[in-house]
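Survey of secondary and tertiary structure
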Amino acid sequence: MFKKQLLFYLERGECPACRFAEESTEVFYRWFLLEYYYSGPMLSSLVEGGFCHRHAWELEKRQAIQVSSTFEWLARDLSQKLNRLLSETKGRPAQRPPELCLNPISRIWPFSWLCRIFHRKRSSLRALAFLQRKEPCPVCETIRASSAEAVTLLIKWLHDPEVKAAYDQSGYLCHEHFLLALKKAPPDLSAYLTERQLRNLAGLIAGLTEYSRKRDYRFAHEPRGVEQLAWQQAIRFFAGEKVRSDGTSAKNPGQDGYDGQDG
Ligand SMILES: [Zn+2]
Ligand SMILES: [Zn+2]
């Protein structure tokens, strides 16, 4: 994340880590639909994990019909795995006779019974092991890596007077990214970030209090203002920015128009 990107989001009072992750997600989908949807490394990764529920349905929202070949590959791979599971299940005895257990005590009831249960459970777990997810969802991973990078760069850029002034004025991190920043920041910066976050939190509490007050019938006649959005701001604060990954996000100077130099 570059200084222009950072300032853009700080001046809008938005969490730069959430927004940078959103931009990175857009870049991922763009490349996935251009090229990655049928690339070897991507398919190898997807057969070991695949998209999570949320990000798989993003493909449907984007009318990404070219991924039919991706899903054909995944379906064929899964079919092979299930056939392997079936042949292993049919070829394996459901129970191991207690007399075959190595421990002689297992031949005595109730240990023989426990031996059978344990053997059956272990066999089914082994058979299912190759079906378990081993790779993360590639979009979730993009979000995790890019937001972590954004937080690292924010900490670095807070030594810049212009960025520091913008953060003083309207700096904001959602709760998750604030916690991440605390883990990465040196102690003096942690105190500064916490003070700024307390100011954000005080504004949120004031908005929620005012919203509740105006829900009271005695004050319901008063004109409604920004406090009507306080409950949405609370969701945003605790869960992160609302994703606008449908091409409608505000144009960020750090995306296509960036001139390639830091600052
Ligand atoms: Zn965030
Ligand atoms: Zn995901």
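This text follows the structure it describes.
Nothing here was measured: the structure is a model prediction, and the numbers come from that model.

What follows is about the nonpolar core. Where a protein is soluble and globular, its nonpolar side chains tend to be buried together. Membership of the largest hydrophobic core comes to 30 residues, with the highest contact counts inside it found for Leu6, Ala17, Ala150, Leu154, Leu173 and Ala181. Among the elements of the structure, α1 (3-11), α2 (16-34), α7 (138-157), α8 (161-170) and α9 (175-184) are those that each provide at least two residues to this core. Of all the elements, α7 adds the most residues to this core, at seven residues. Residues Phe32, Tyr37, Leu59 and Val67 belong to the second largest nonpolar core, which totals five residues.

Next up on the list: the packing of α7 against α9. Contact geometry of α7 with α9 gives a least axis separation of 10 Å together with a crossing angle of 55°. Put simply, α7 runs oblique to α9. Regarding α7 and α9, the two cross each other, and that crossing is right-handed. Judged by residue contacts, Ser147, Ala148, Val151, Thr152, Leu154 and Ile155 of α7 engage His177, Leu180, Ala181 and Lys184 from α9. Taken together, the residues that form the contact of α7 with α9 break down as six nonpolar, three polar and one charged.

Right, let's talk about unusual backbone geometry for a bit. Here glutamine 63, not a glycine, exhibits a phi torsion of approximately 55°, which is positive. Mapped onto the elements of the fold, glutamine 63 is located in the loop between α4 (53-61) and α5 (68-91). Look at glutamine 63 and you get exposed, because 8 C-beta atoms sit within 10 Å.

Those residues of α8 that sit buried are Val163, Ala166 and Tyr167. Taken end-on, α8 shows its buried residues confined to a sector of 100°, consistent with a single buried face. In α8, those exposed residues whose orientation departs by more than 90 degrees from the buried face are Pro161, Ala165, Asp168 and Gln169.

Criteria and thresholds
- The numbering scheme is per chain: residues are counted from 1 as the chain's sequence reads.
- Chain A is the first chain written and ligand 1 is the first ligand written, with later ones labelled in order.
- Residues qualify for local features only when their pLDDT is at least 70, as the model is predicted, and side-chain atom pairs are given and counted only at 80 or more; totals for whole chains, interfaces and linings, by contrast, use all residues.
- Any nonpolar core is a set of buried residues, restricted to Ala, Val, Leu, Ile, Met, Phe, Trp, Tyr and Cys, that join up through C-beta atoms within 7 Å.
- Exposure criterion: with C-beta atoms placed from backbone coordinates, a residue whose C-beta has 20 or more other C-beta atoms within 10 Å is buried, one with 12 or fewer is exposed, and one in between is partly exposed.
- By the criteria applied, helices consist of DSSP H or I runs no shorter than four residues and strands consist of E runs no shorter than two, each listed in order from the N terminus.
- Angles shown run from 0 to 180 degrees and are taken between the N-to-C directions of axes, each axis being a line fitted to C-alpha atoms and, for helices, limited to the stretch in contact.
- Should an angle fall under 35 degrees it is taken as roughly parallel, and over 145 as roughly antiparallel, whereas 65 to 115 is taken as roughly perpendicular and any remaining angle as oblique.
- Should the near helix be turned counterclockwise from the far one by less than a right angle, the crossing is left-handed, whereas a clockwise turn marks it as right-handed.
- Placing C-beta atoms from the backbone, we regard two residues as in contact once those atoms come within 7 Å.
- Three categories are distinguished: nonpolar for Ala, Val, Leu, Ile, Met, Phe, Trp, Tyr, Cys and Pro, charged for Asp, Glu, Lys and Arg, and polar for the others, with Gly belonging to the last.
- The directions from the helix axis to the C-beta atoms form the arc being described.

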